[in-house]
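# Coordinate inspection notes
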Amino acid sequence: MALQDQAEFDAVIAADDKIEPTDWMPDGYRKTLIRQIGQHAHSEIIGMQPEGNWISRAPTLHRKAILIAKVQDEGGHGLYLYSAAETLGVTRDQLVAALHAGSHKYSSIFNYPTLNWADIGTIGWLVDGAAITNQVMLSRSSYGPYSRAMVRICKEESFHQRQGYELLIRLCEGSSEQKAMSQDSIDRWWWPALMMFGPHDSDSTHSAESTAWKIKRVSNDDLRQQFVDATVPQADYLGLHIPDPDLVWNEERGHYDFGPIDWEEFWQVVKGNGPLNRERLDHKRAAWDDGAWVREAAVAHAEKQAAREFESRRTA
Ligand code: BYC
């Protein structure tokens, strides 16, 4: 039976069970989930742009096929996530309108340009890698539809991460120009990838509540550290240098120490002043307008089908 009140909600959270759409939940819990799942869905959809930009320029048919499949997967992730958000009483149209109006955020990382082919490998390796680190944690989130969406998304993101890393292995085994292209790519993406985890815990406005509600189970900084620890050996294997002079293994902590993040840059990008914020949203709005006829045709078709079905039932 659906939960009826705060006490029942608290008991489910304490027992590490799932909250489901028809359950009673605090307004703040619903609100923060709509915000976070909406932002997550928008990130997947806007995130199709940096890589989509390279589909026509992939160097082989094999790489093109992988890239098309990956970009299509990201679109699918956006759709699962919009559906998960809809279970909280908001429509997909409302979420998309909030994105287009600039009142909903999406991940800062997608406001950086893809300048060379190695960027396609680096996005898979670092961006999908960072996303998985966060999403494995979210697959244990207390809201059932969000956590279940994460299970499938993480499986697909693992393939994305591996194809990106494999692309870079090939480039790093190649010519000196290919290796240099890979280094240029990691130089540009390393710090923005660390920013994906959000502000320092001390500046994270939502963490305390989200952790109490078990939406988040690991802090922004702890996830960031987990990502750095997993990624440095992978960069070593590629023979690529991480652009951080302060990066050093700390025996005592059992973790890598790393240098300060440029939070000024992070907040500028979050506020809409990153290198490509305007272009990304303009492109998204234009695609929405250009696709209006498809949505209208689909609705007209569904209405015709429903009318036909109604008529055949009436006369049966
Ligand atoms: N970028 O209190 P905090 C993918 C905002 S796509 C922009 O710590 P929270 C892929 C935050 O929203 C998957 N904004 O927030 C696709 C809040 O502002 P508001 C990407 C950020 O929610 C295609 C404020 O800063 N993953 O994998 O507790 C190709 C304070 O932050 C960012 C997701 O979207 C940021 N990086 O924690 C390849 C993950 N960080 O809302 C790959 C889903 C923070 O109060 N989201 N802000 O105005 C989350 O897990 C959490 O929302 C965050 C932040 C960890 C990002």
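In case you missed it, the structure is sitting above this.
We now turn to the structure provided with this report.

The rules behind the values
Residues numbered from 1 in each chain as written. Predicted model: local features only at pLDDT ≥ 70, side-chain atom pairs only at ≥ 80, totals over all residues. Heavy atoms only, no water. Helix = DSSP H or I, 4+ residues; strand = E, 2+ residues; numbered from the N terminus. Axes fitted to C-alpha atoms, helices over the stretch in contact; angles between N-to-C directions. Parallel < 35°, antiparallel > 145°, perpendicular 65-115°, else oblique. Left-handed = near helix turned anticlockwise from the far one by under 90°. Nonpolar A, V, L, I, M, F, W, Y, C, P; charged D, E, K, R; others polar. Phe/Tyr/Trp six-rings, centres within 6.5 Å; stacked < 30°, edge-to-face > 60°. Buried < 20%, exposed > 50% of the residue type's maximum accessible area, 1.4 Å probe, protein only. Core = buried A, V, L, I, M, F, W, Y, C linked by side-chain atoms within 4.5 Å. Contact = heavy atoms within 4.5 Å. Salt bridge = Lys/Arg side-chain N within 4 Å of Asp/Glu carboxyl O. Near = heavy atom within 4 Å. Polar contact = N/O pair within 3.5 Å; in protein donor to acceptor, adjacent residues only side chain to side chain. Areas by Shrake-Rupley, 256 points an atom, 1.4 Å probe, with all protein chains shown as cover. Arc of directions from axis to C-beta.

When glycine is set aside, most residues are seen to have a negative phi, and most peptide bonds are trans. The phi dihedral of Asp16 falls on the positive side, at around 65 degrees, and the residue is not glycine. Residue position: Asp16 is located in the loop between helix H1 (6–14) and helix H2 (27–46). Despite not being glycine, Lys214 shows a phi value in the positive range, around 60 degrees. Relative to the helices and strands, Lys214 is located in the loop between helix H9 (207–212) and helix H10 (220–238).

Relative orientation of the contacting elements helix H6 (residues 118–138) and helix H7 (residues 144–173) amounts to 150 degrees, with a least axis distance of 7 Å. What the angle tells us is that H6 and H7 run roughly antiparallel. As for how H6 packs across H7, the hand of that crossing is left-handed. Here the residues of the contact of H6 with H7 are counted per class, giving 15 nonpolar, eleven polar and two charged.

Before going further, it helps to spend a moment on the packing of aromatic side chains. In this description, an aromatic ring pair is defined by two values, namely the gap between the centres and the angle between the planes. Applying the stated rule across the entire model yields twelve aromatic pairs. Aromatic pair Phe197 and Phe227: ring centres 5.5 Å apart, planes at 45 degrees, arrangement tilted. Of this pair, Phe197 sits in the loop between helix H8 (176–195) and H9 while Phe227 sits in helix H10, and the two are 30 residues apart along the sequence. Overall, Phe227 belongs to the buried group, its relative accessible area being 3%. Here the aromatic rings of Trp263 and Phe266 are separated by 5.4 Å at their centres, their planes lie at 90 degrees, and the arrangement is edge-to-face. Of this pair, Trp263 and Phe266 are both found in helix H11 (residues 263–273), three residues apart, which corresponds to roughly one turn of the helix.

Right, let's talk about the nonpolar core for a bit. Ile19, Tyr29, Ile37, Tyr143 and Trp190 are the most contacted members of the largest nonpolar core, which totals 74 residues. Residues contacting Ile37, with those up to four places away along its chain left out, are Leu81, Ala84, Ala85, Leu88, Tyr143 and Tyr146.

Turning to the pattern of salt bridges, a few remarks are in order. Counted by the stated rule, this structure contains 17 salt bridges. With a closest N to O distance of 2.8 Å, Glu74 and Lys70 form a salt bridge. With Glu74 and Lys70 both in helix H4 (residues 61–86) and four residues apart, the pair spans about one turn of that helix. Several salt bridges share partner residues, and in doing so they unite Glu51, Lys70, Glu74 and Asp128 into one network.

Glancing now at the site of the ligand. If you check the shell around the ligand, you find 35 residues, and the closest are Lys105, Ser108, Ser204, His206 and Lys216. Taking Ser108, its main chain carries an N or O atom lying 2.8 Å from a nitrogen atom of the ligand. Here an oxygen atom of the ligand sits 2.9 Å away from a polar atom, N or O, in the side chain of Asn134. In isolation the ligand has 1000 Å² of accessible area, and contact with the protein removes 93% of it. At the level of secondary structure, the elements contributing two or more residues to the shell around the ligand comprise H2, H4, H6 and H11. Of the residues contributing to the shell around the ligand, the split by class is twelve nonpolar, 14 polar and nine charged.

Structurally, Gln161 can be placed in helix H7. For Gln161, a relative accessible area of 15% puts it in the buried group. The contacts of Gln161, once residues within four sequence positions are left out, are Gly124, Trp125, Asp128, Gly129, Ile132 and Gln234.

Three or more residues of H11 are buried, namely Trp263, Phe266 and Val269. Each buried residue of H11 sits inside an arc of 125 degrees when the element is viewed along its axis, so together they form one side. Opposite the packed face of H11, turned more than 90 degrees from it, sit the exposed residues Glu264, Lys271 and Asn273. Against the buried residues of H11 lie H8, H10 and helix H12 (277–290). With a side-chain oxygen lying 3.2 Å from the backbone nitrogen of Glu264, the N-terminal cap of H11 falls on Asp262.

So, to be careful, I would describe these as geometric facts and stop short of saying anything about function.
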